[in-house]
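Residues per chain, in single letters:
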Amino acid sequence: MQHFIWRGVSTTILAAWLVFGGLASSAMAASVSFEALHYSADRFVPQFHFEGPVTEGDATALAALIDEFVECTPDLLDITGSNCAVVTLNSPGGDYIEGLRLAALMRERAIATVVEANAECYSACAFAFLGGTGYARQEGIGAYIDRMIEPGGILGFHAPYFASEALDGLVAQFGMDDVLGASRDDVALMIQQLVDWNVNANALSYIASMGPTETYDIVEGEDYAMLWAQLPPAPLYYWNSNTADALRNACINLLAYHLESWPSEVAAQVALDPETALANNEQGQPLSGFRLTADNPLAASYCALPNEQFDLNGDVDLALYTAPGVSGGARPLVSLFSRSEGWSTMGTGGDPTRRHMQKGSLSQLFVPIRGVVESDFVKFMDYLPLRKFARFNAISMIDDTVEFAVSELPMSLLGENTKVQVMHYGQQQVIAEAGSELLYATARQAHANRNDVDITLNVDYENGFAVGGYYFSGRPYLWVGLKGENGAAAVLRIETLKMPQDMNAALIEQEDIACSFTLQGHGLDCS
């Protein structure tokens, strides 16, 4: 057997690990589960799912499950920004304080949150959603918002309240003043958290006004903008193929941000038809866009961008401009920079702390202000299966099965779904994921360029690859990719669940496991 080449062992223990059996752990009425080794090509991290009412202890249960499957330190993540995991949510709500604990967990661990199509996330779940976070080591960025709602998913808010059946008993036990005081404290805490999570002040007051039978549902374009919630990553034309209309929508959102208002309340201030050659900016570039008012060198007169960007096929540098003054150029007041790759921002000036930051395009600002957010369904479904691995598996199943890589060793199967199998062999946990060529290609690049591990092995084979090394806790791991037929692929993660007493024996065992797997007859050339 040709042995893998390993070098160096880091033995610093940075985290304690819990060992669990199976795929899921439940906490009272809610359940949390490990769903996939990688969520999508854009968020190439493990996926967990939260299902059911939010109850006390859910944050602890979710943290424990994440600890079982993820070793990740946010401030060691890539400089371009990433996550430690994704949590998808489907819950009617419940314990408000526990929802805030869940949100704090997401922020602390750099975990993105997603409400998928056909899922609903209300009340306490909606507050948990707001904690969705990524982290970038780039100076001036650090933690950034990463929370996404797919079209067809619903996020709903209302203010915290006491259930009617409990109110009489609480008043009898504690008195009306104490009960009302507790309710006021809860609302105050909610408002503080919403401010911290970059929810627009107008939306904040609207949420606080909701009664127990009312909800503020995030389904329209202006709701996405007010909540700073993202759409799934796709080119702008997937969300709005009418360029002028898309640009006007972004202008309405930018003006609403500037005026601290709802977009629908300022829409009439943006001209219906675009104009070319409105003015030149201070760099001498001709600007196209929409007129806001009569020319005024002291106030926002245009919402515009350089002429060559008007087709929205590349970078978007949109701003509210004053009319030209003595300098001869239109001056930007508030700007919006949208990038399909890299950082998009909206705000005033160049100080990152005064700007909204988002990784990827600000698509949510270009969709219609009113009406349920939709995409061109045919284009959307043709695009996302290539990016989101679960959808690839769902549409590629033959005879209701997904073909996984198989091992000649006697693995103990702990759990499985249509995306992953979790197995145990010796002192190793083995997670096998089924997917597409994109899964393989993304894994090959992503795992060979991680910054939060010590990579000591990086080998390509005819039908696969192996990337291995050590977490900063000192535990060894090995990633394996396998190519099958007709675009099928598999990615495996092999790792010890705790520091091995005999490191050399653990490495040999990982190698034996890697060499034992094949996908449709194809494996690593370990002979």
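The rules we used
Residues numbered from 1 in each chain as written. Predicted model: local features only at pLDDT ≥ 70, side-chain atom pairs only at ≥ 80, totals over all residues. Heavy atoms only, no water. Helix = DSSP H or I, 4+ residues; strand = E, 2+ residues; numbered from the N terminus. Contact = heavy atoms within 4.5 Å. Expected span 1.5 Å × (residues − 1). Buried < 20%, exposed > 50% of the residue type's maximum accessible area, 1.4 Å probe, protein only. Polar contact = N/O pair within 3.5 Å; in protein donor to acceptor, adjacent residues only side chain to side chain. Disulfide = S-S within 2.5 Å. Pairing = 2+ DSSP bridges. Axes fitted to C-alpha atoms, helices over the stretch in contact; angles between N-to-C directions.

### Some remarks on the overall build of the protein
So, step 1. Helix and strand counts for the protein come out as 14 helices and 28 strands.
So, step 2. Counting contacts in the protein only where the partners sit at least 6 residues apart, residues at least 24 apart contribute 63% of the total.

### Examining the environment of histidine 356
So, step 1. Along the chain, histidine 356 turns up in strand β18 (residues 355-359).
So, step 2. Note: C-alpha distance between histidine 356 and methionine 346 (ten residues apart in sequence) is 5.2 Å.

### Description of helix α9 (residues 243-259)
So, step 1. Taking 1.5 Å per residue as the helical rise, α9 with its 17 residues ought to reach 24 Å, and the 24 Å between its terminal C-alpha atoms agrees with that figure.
So, step 2. All of the buried residues in α9 are Ala246, Leu247, Arg248, Asn249, Ala250, Cys251, Ile252, Asn253, Leu254, Leu255 and Ala256.
So, step 3. Near the N-terminus of α9, the side chain that reaches the backbone nitrogen of alanine 244, with its oxygen 3.3 Å away, is that of asparagine 242.
So, step 4. Phi for glutamate 260, located one or two positions after α9, is positive at around 55°.

### Remarks on the state of the cysteines
So, step 1. All chains considered together, the criterion is met by four disulfides.
So, step 2. Covalent S-S linkage joins cysteine 251 and cysteine 303, the inter-sulfur distance amounting to 2.1 Å. Torsion about the S-S bond of the cysteine 251 and cysteine 303 cystine: about -85°, corresponding to left-handed handedness. Of the two residues, cysteine 251 is situated in helix α9 and cysteine 303 in strand β14 (residues 300-306); the sequence distance between them amounts to 52 residues. Here cysteine 251 matches cysteine 303 in class, with each residue buried.
So, step 3. Note on cysteine connectivity: cysteine 515 is disulfide-linked to cysteine 526, with sulfurs 2.1 Å apart. Taking the sign of the S-S torsion, about -85° here, the bridge from cysteine 515 to cysteine 526 comes out left-handed.

### Regarding the sheet that holds β14
So, step 1. Strand order in the open sheet made by the seven strands is β12-β13-β14-β15-β16-β17-β18, with antiparallel pairing throughout. The open sheet has two edge strands, β12 (275-280) and β18, and neither has a second partner. For this sheet the average axis-to-axis angle between neighbouring strands, irrespective of direction, equals 30°.
So, step 2. In the sheet, strand β17 (residues 343-347) pairs with β18 via five bridges, with the strands oriented antiparallel. Among the inter-strand pairings, glycine 347 is bridged to a residue of β18, identified as arginine 355.
So, step 3. Strand contacts of α9: β13 (286-291), β14, β15 (316-322), β16 (332-338), β17 and β18, with the helix running at about 55° to β15, the strand carrying the most contacts.

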